[in-house]
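Chain by chain, the residues:
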Amino acid sequence: MVVFDIPFESVGPGLWLLQKNEAEYGEFCSRDDALECAFTEARRMESIHAGSDIVLNIEGNDGVWRAFDTSIRPYAGRVRS
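Now for a look at the structure at hand. (Residues numbered from 1 in each chain as written. Predicted model: local features only at pLDDT ≥ 70, side-chain atom pairs only at ≥ 80, totals over all residues. Heavy atoms only, no water.)

**So, the pairing of strand E5 (residues 65-68)**
- When strand E4 (residues 54-59) meets E5, the two strands line up antiparallel, connected through 4 bridges. Within E5, the position partnered with Asn57 by the bridge is Ala67.
- Connecting the antiparallel pair E4 and E5 is a turn made up of 5 residues, with Gly63 showing a positive phi of about 85°. (Pairing = 2+ DSSP bridges. Helix = DSSP H or I, 4+ residues; strand = E, 2+ residues; numbered from the N terminus.)

**Observations concerning the pattern of salt bridges**
- Counting across every chain of the model gives 3 salt bridges.
- One salt bridge connects Arg44 with Glu41, and the closest N-O pair in it is separated by 2.6 Å. A residue pair is termed a helical-turn pair when its members lie 3 or 4 positions apart in one helix, as Arg44 and Glu41 do in helix H1 (residues 31-48) at 3 residues.
- Of the charged contacts in the structure, one is a salt bridge between Arg66 and Asp62, with a shortest N-O distance of 2.6 Å.
- Overall, the relative accessible area of 36% leaves Arg66 in the partly exposed class.
- The exposure class of Asp62 is partly exposed, given its relative accessible area of 45%. (Salt bridge = Lys/Arg side-chain N within 4 Å of Asp/Glu carboxyl O. Buried < 20%, exposed > 50% of the residue type's maximum accessible area, 1.4 Å probe, protein only.)

If you want it as C-alpha cells, here you go:
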C-alpha cells in the first residue's frame, strides 16, 4: 500500500509538505501544488502497477483526514493511521 498524506495547514509561510508512506516526498509553495503532485504520482504508479493499492489521504479544513483513491472516490479499504 502506498499512502500520500496532504495536510490542510502549511508548515510555514508558503510551505506545504507532501508525505509518501510517512516520509517526506516533497515541499510545495501551495496546497494545490502538493495535491497535484500526489495525484500525478499516484496515477503514474497505478498505470505502471495495475491494481496497486494507492491512497490519497487528505486533511480537510475541519481537521479530519479523509482517504481517496486515484479517481477521487472515497477509499473503500482500510487506511493505517
